[in-house]
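# Chains, contacts and geometry: an overview
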Amino acid sequence: MSATVYQQAIKTLAEAAHGSGRLEDPDGTSRLDNPLCGDRIDLAVRLAGDAVSAVGHETRACLLCRAAASLVGLTAPGRSPGEMADAAAALEGMLTSAAVLPPAWQALEVFAPVAAYPSRHGCVLLPFQALQAALATAAGKR
Amino acid sequence: MSATVYQQAIKTLAEAAHGSGRLEDPDGTSRLDNPLCGDRIDLAVRLAGDAVSAVGHETRACLLCRAAASLVGLTAPGRSPGEMADAAAALEGMLTSAAVLPPAWQALEVFAPVAAYPSRHGCVLLPFQALQAALATAAGKR
Amino acid sequence: MSIAELRGQFPFYATANPCHYLDNAATSQIHRQALTAMAGQESCRANVHRSPYRLAEASSHAYGEARAQVARFVNAAAADEVVFTSGATAALNLVAYSFGETLQAGDEVLISAAEHHSNFVPWLRLRQRTGIRLRVLPLLPDGRIATASLAEMVTERCRLIAVTHCSNVTGAVTDVHAVVAAARAVGAKVLLDGAQQVQHGPVDVQKLGADFYAFSSHKCFGPTGVGVLWTRGGVLERLPPFLTGGGMVGLVSLETLSFASPPARFEAGTPPVAQAVGLGAAAAWMMTLPWAEVHRVESALLARLLDGLATFPTVRLIGPADLEARLPIVSFEVRGIHPHDVCQVLGEREVALRGGNHCAQPLFAALGSAGATRASIALYNDAADVDALLDGLEHALKVLS
Amino acid sequence: MSIAELRGQFPFYATANPCHYLDNAATSQIHRQALTAMAGQESCRANVHRSPYRLAEASSHAYGEARAQVARFVNAAAADEVVFTSGATAALNLVAYSFGETLQAGDEVLISAAEHHSNFVPWLRLRQRTGIRLRVLPLLPDGRIATASLAEMVTERCRLIAVTHCSNVTGAVTDVHAVVAAARAVGAKVLLDGAQQVQHGPVDVQKLGADFYAFSSHKCFGPTGVGVLWTRGGVLERLPPFLTGGGMVGLVSLETLSFASPPARFEAGTPPVAQAVGLGAAAAWMMTLPWAEVHRVESALLARLLDGLATFPTVRLIGPADLEARLPIVSFEVRGIHPHDVCQVLGEREVALRGGNHCAQPLFAALGSAGATRASIALYNDAADVDALLDGLEHALKVLS
Ligand SMILES: Cc1ncc(COP(=O)(O)O)c(C=O)c1O
Ligand SMILES: Cc1ncc(COP(=O)(O)O)c(C=O)c1O
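Predicted model, so just to flag it, every value in this text is computed and none were measured.

Let us now look at the arrangement of the chains. By contact count, the dominant pairing among the five pairs of chains in contact is that of chains C and D. Between chain A and chain B there is no contact, and the shortest C-alpha to C-alpha separation is 45 Å.

Laid out in structure tokens, this is it:
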């Protein structure tokens, strides 16, 4: 098996918890559960023009999931829904088929060791999926 | 495996079909099916005092079952329900646990090779069970 | 393809005393790779409910790989269309309970008189529970399902046509095209019981056009204890679960209950992991075979058997006498002689046959037969097996009459 | 009894790289004899639906012998009280569907908050179908079922008390005597979920006094794909079938339907023959063990683990802290650290644990926990396994905080 999953960068991300907290007046929201672990993420998003302007999430989950949620909180503001969809796809590609990350998403590299543990892929993907789901409800409202 | 099952004695018994046919004014009746093979026996019994006075059976079944029904038709008249219960027990003992037959029931010896084929035990036992069942309905009426 | 080569891959033929095994419709012998894969998975195992240690990841992976192998075997559009069950019977019950729960009194389910009890009794029971109307397609004299009757038997209330792909008694292969067309015309779904089909070659569920396809591992060279329900993508999503328990839920409390997505929703509890892995290996092996050649060999044996039986004046075939749209499953009556007696005498000569009504009482009732002797051929059988049967039958006629 | 000797009997410990396997409550490793018996049965097989050729007689015999071995293992009064299912989940569903069919709206089923989803969700579903009232026995703070509440929760309408024999989370063993007494007082039946009990020694169903007893083979050193429902003699005779199909019927037609006697009535289709034979071998092997000695060894490991965990100030045990009436299944929380992260770090050190809610959401809700890490001990574990866990936990605390 590959390098250890819990690198300092992941712990730092999780601790920083970028974007954590409740967001007022969201344009879109989502709640995703992972019943196997009892994990849950509530995520809200606000848009300005064609880009995400703010993200707020409440994440009760493992370190990996919290780190991923933090990365979403850090990177989503200022980016378009399409760019964030690319991020989710790049992450999934890296985890499941060792795909090379695009230059714009090198930040996802910290999760590379998780590829060796398919049972944890869901933990890392959950916040990205929650963002997609929230963006979808926002799009639905327009 | 032991000697062949289809000895001449069995074929002779089956062909003789002792006791086959419908019995008028029966004291007890039974119908037993073996759904696995589609076999069926209808058996009727009349009693005189404490003994069987007549047996009638209609048997749609394999050679082994017909031979056993014939043996029931041959041996039951004149014998008590208790004696016929002994016969059934002796037969089952011989088939399943190689028990030695009592002197009174040496006639069951023809079925000895069937012991090697548990899937056929039911064929041989069915007529004896049908007799027991018919005797039980007769006892119930008294 | 040489039969001897194939035989060498079956542990059965390496045993001291293999018989002329012609009871393949009851169960096939297991392929070496299926046995090895199953034993390997069992030797060193973890549960598949996703834990992050090496052994658990390996078990989950192997189980997922088995699903992918089976999906390829039936040409499913996606691996998640494959649900592992404990057998064909369990797969058929799954549909009867789960899809059945979406039906109402007066809705119609159409089956045929050729069905195995496993695709007959679940619908009788559903009728008892919910008041559906159960209609039964009749048979032609040679045992084929009379698909010409579809026109009159498929009504607007028809919700499902559930028929066998191939009969376990007559070997007749159903005209699936006609069945699917009739179902589509009224928006009904189609379930095919493939228990007797897949051992004679991979199927293409997309081409067949059915919605459900069920089969058992132990009849297609895999282990006992596992079976498959394939379902067209999107259909399972709208169905309630059948068995419930660990691994198939979302949230559980006395007040709330939600379910996982398919296939998990339909795989309650610890699945037959090692058996699925064994079946996956069997399916993968089957994918490597030259099937045109296998069919040629099987058909030649079938012809040899039918020709041989035709020389016995007291033998009556139950099923198609030609070689068209049929598989090498051959049932026959011998006038005046009970099937169990035939099987017994043949069994004493090491020819393995099966006698009785073969879990198909309605078929025997429809064809006016009290039971039959059945020989069923698989890809490892050879002419010696067929000849032993024919010789043995001649002997049986002498012994028994 | 030496552990090294026992280990030698498990193929797992002969593999290149066995880990510290402490996920036995999810699945145990398979015993050599179970694997050999299963493989032997598969290598040379026939179906068990009674045909008179050598191979079929042998399969039927082996399957019957497996039933007898399991019957002896639970001390059943007769072999026919044992029904083979595809697992504990299937066994529990069998009762919920079949016995459930005899219940009416307003009848009560009493379960507990300690149940595994497999003995919780089937009853939720039965409630949806039939309107039974489902009542739930509360838990004591240490996770034991509060049997003192039986008095108030068992009413005249109670038809069944269905509880786990041992919790898969806390290891707490239920006071069966109290449960059975409460049920008998109102004429209710008792179902015990023995999935976590039987791997720690044969049970005596007659002494326990329950009516139904369910367990899985793969948790007690047997193959995957098979389980057991034992039922007190006479009870099954009065119950309708659950799965239907081949082998369990009497007469079948569109108008008539009758069923075979138990156990056949509850074993529709081809059973998991080879898996049952493997389980039979596992059960027979277990019968030869010196269980007092095994318990002593398991309890010593349990004590070592509990003592070790007690030295971590941030660790909170979910379950009884004493050694009384509990088995060596140990769940714990680590303050501020998620169970999956604990399991991940330990997994990287080859210690196999499981984290999450362990298919027991109601238990975690009742105990106010979001999830736990679980270590579960079997008879082949040793002090090195426990120590690897404790060392690894220390390491995990460093890595993760
Ligand atoms: C046509 C058909 N359907 C269903 C079944 C049931 O399969 P299983 O007994 O493996 O569940 C059989 C097996 O005999 C069959 O031949
Ligand atoms: C207490 C308990 N009951 C039932 C089950 C279900 O067993 P299976 O998954 O083998 O069907 C389990 C397995 O996790 C269990 O621990």
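Moving on, there is more to tell.
On to helix H9 (residues 273-287) of chain C. The terminal C-alpha atoms of H9(C), which comprises 15 residues, lie 21 Å apart, in line with the 21 Å expected from a rise of 1.5 Å per residue. Burial of H9(C) is extensive: 13 of the 15 residues sit out of reach of the surface.

Glancing now at the site of ligand 2. In the vicinity of ligand 2 lie 14 residues, with C:Thr270, D:Thr89, D:Asp193, D:Ser216 and D:Lys219 positioned nearest. Neighbouring residues of ligand 2 are not confined to one chain but are distributed across chains C and D. Between ligand 2 and D:Gln196, the relevant distance is 2.7 Å, taken from an oxygen atom to a side-chain nitrogen or oxygen of the residue. When the free accessible area of ligand 2 is taken as 390 Å², the share hidden by the protein chains comes to 95%. Taken together, the residues that form the shell around ligand 2 break down as two nonpolar, ten polar and two charged.

Before going further, it helps to spend a moment on the relation of the copies chain C and chain D. Relating one copy of the chain to the other takes a rotation about an axis and a shift parallel to that axis. The operation relating chain C to chain D is a screw motion whose rotation component is 180°, with 0.0 Å of axial translation and a residual RMSD of 0.0 Å. The transformation just described matches what one would write down for a two-fold rotation axis. When the interface residues of chain C are mapped onto chain D, 100% of them again fall at the interface, so both copies present the same face.

The partner chain D presents 87 residues to the 87 residues of chain C that form the contact. Taken over both partners, the interface formed by chain C and chain D buries close to 6,500 Å², and the fraction arising from carbon and sulfur atoms is 56%. Applying the counting rule to chain C against chain D returns four salt bridges. Close ionic contact of C:Arg125 with D:Glu101 constitutes a salt bridge, the shortest N to O distance being 3.1 Å. The interface formed by chain C and chain D contains 42 residue pairs in polar contact (both at pLDDT 80 or more).

Before going further, it helps to spend a moment on the site of ligand 1. Near ligand 1, the surroundings consist of 14 residues, among which C:Thr89, C:Asp193, C:Ser216, C:His218 and C:Lys219 are the closest. Proximal residues around ligand 1 fall on chains C and D, making this an inter-chain site. Within the side chain of C:His218, a nitrogen or oxygen atom sits 2.7 Å from an oxygen atom of ligand 1. A distance of 2.6 Å is found between an oxygen atom of ligand 1 and a side-chain nitrogen or oxygen belonging to C:Lys219.

In this section: helix H2 (residues 63-75) of chain B. Residue and element names in this part refer to chain B. Taking 1.5 Å per residue as the helical rise, H2 with its 13 residues ought to reach 18 Å, and the 18 Å between its terminal C-alpha atoms agrees with that figure. Buried residues dominate H2, accounting for eleven of its 13 residues. Turning to H2, its buried residues number three or more, namely Leu63, Leu64, Cys65, Ala67, Ala68, Ala69, Ser70, Leu71, Val72, Gly73 and Thr75.

A word on the interface of chain C and chain A. Taken together, the contact pairs seven residues of chain C with eight residues of chain A. Buried area between chain C and chain A, both sides added, is near 700 Å², and the carbon and sulfur share of it is 69%. For the chain C face of the interface with chain A, the top three residues by lost area are C:Arg50, C:Pro52 and C:Glu57, together amounting to 57%. Linking chain C with chain A are zero salt bridges.

Let's shift gears to the nonpolar core. C:Trp123 and D:Trp123 are the most contacted members of the largest nonpolar core, which has 214 residues in total. Leave out the neighbours within four places in its chain, and D:Trp123 touches D:Val95, D:Ala96, D:Val109, D:Ile111, D:Ile132, D:Leu134, D:Leu160, D:Ala162 and D:Leu191.

With that settled, the discussion passes to empty space enclosed by the protein. Following the criterion strictly, the structure yields seven cavities of 30 Å³ or more and no others. Volume-wise, the second largest cavity comes out at about 50 Å³. As for the second largest cavity, its lining consists of C:Thr27, C:His218, C:Thr224, D:Gln41, D:Glu42, D:Arg45, D:Ala46, D:Asn47, D:Ser59, D:Thr270, D:Val273 and D:Ala274.

Residue and element names in this part refer to chain A. With antiparallel pairing, three strands are arranged side by side in an open sheet as S1-S2-S3. Edge strands, defined here as strands with exactly one partner in the open sheet, are strand S1 (28-34) and strand S3 (51-60). The mean inter-strand angle of the sheet, taken between neighbouring strand axes irrespective of direction, is 15°. Across seven bridges, S1 lies against strand S2 (residues 39-48) in antiparallel orientation. Each bridged residue has a counterpart across the sheet, and for Ser30 the counterpart in S2 is Leu43. Sheet contacts for helix H2 (residues 63-75): S2 and S3; angle to S3, the most-contacted strand, approximately 160°. Where helix H4 (residues 118-141) meets the sheet, it contacts S1, S2 and S3, and its direction lies at approximately 145° from that of S1.

Glancing now at the sheet that holds strand S3 (residues 51-60) of chain B. All names here are of chain B. Taking strand neighbours across the sheet as the criterion, the three strands line up as S1-S2-S3 in an open arrangement whose pairing is antiparallel. At either margin of the open sheet sits one strand with a lone partner, and together these are strand S1 (28-34) and S3. The sheet shows a mean angle of 15° between the axes of neighbouring strands, taken without regard to direction. Here strand S2 (residues 39-48) pairs with S3 via nine bridges, running antiparallel. Along S3, the bridge assignment pairs Arg46 with Ala54. The strands that H2 touches are S2 and S3; relative to S3, the one it contacts most, it runs at about 160°.

About the cut-offs
- Residues numbered from 1 in each chain as written.
- Chains lettered and ligands numbered in written order.
- Predicted model: local features only at pLDDT ≥ 70, side-chain atom pairs only at ≥ 80, totals over all residues.
- Heavy atoms only, no water.
- Contact = heavy atoms within 4.5 Å.
- Helix = DSSP H or I, 4+ residues; strand = E, 2+ residues; numbered from the N terminus.
- Expected span 1.5 Å × (residues − 1).
- Buried < 20%, exposed > 50% of the residue type's maximum accessible area, 1.4 Å probe, protein only.
- Near = heavy atom within 4 Å.
- Polar contact = N/O pair within 3.5 Å; in protein donor to acceptor, adjacent residues only side chain to side chain.
- Areas by Shrake-Rupley, 256 points an atom, 1.4 Å probe, with all protein chains shown as cover.
- Nonpolar A, V, L, I, M, F, W, Y, C, P; charged D, E, K, R; others polar.
- Least-squares fit on C-alpha atoms with pLDDT ≥ 70 in both.
- Buried area = accessible area lost by both parts, 1.4 Å probe.
- Salt bridge = Lys/Arg side-chain N within 4 Å of Asp/Glu carboxyl O.
- Core = buried A, V, L, I, M, F, W, Y, C linked by side-chain atoms within 4.5 Å.
- 1 Å grid on protein atoms, 1.4 Å probe; cavity = no way out; pocket = protein on both sides within 12 Å on 5 of 7 lines; lining within 4 Å.
- Points joined across faces, edges and corners; volume = space filled by probe spheres on them.
- Pairing = 2+ DSSP bridges.
- Axes fitted to C-alpha atoms, helices over the stretch in contact; angles between N-to-C directions.

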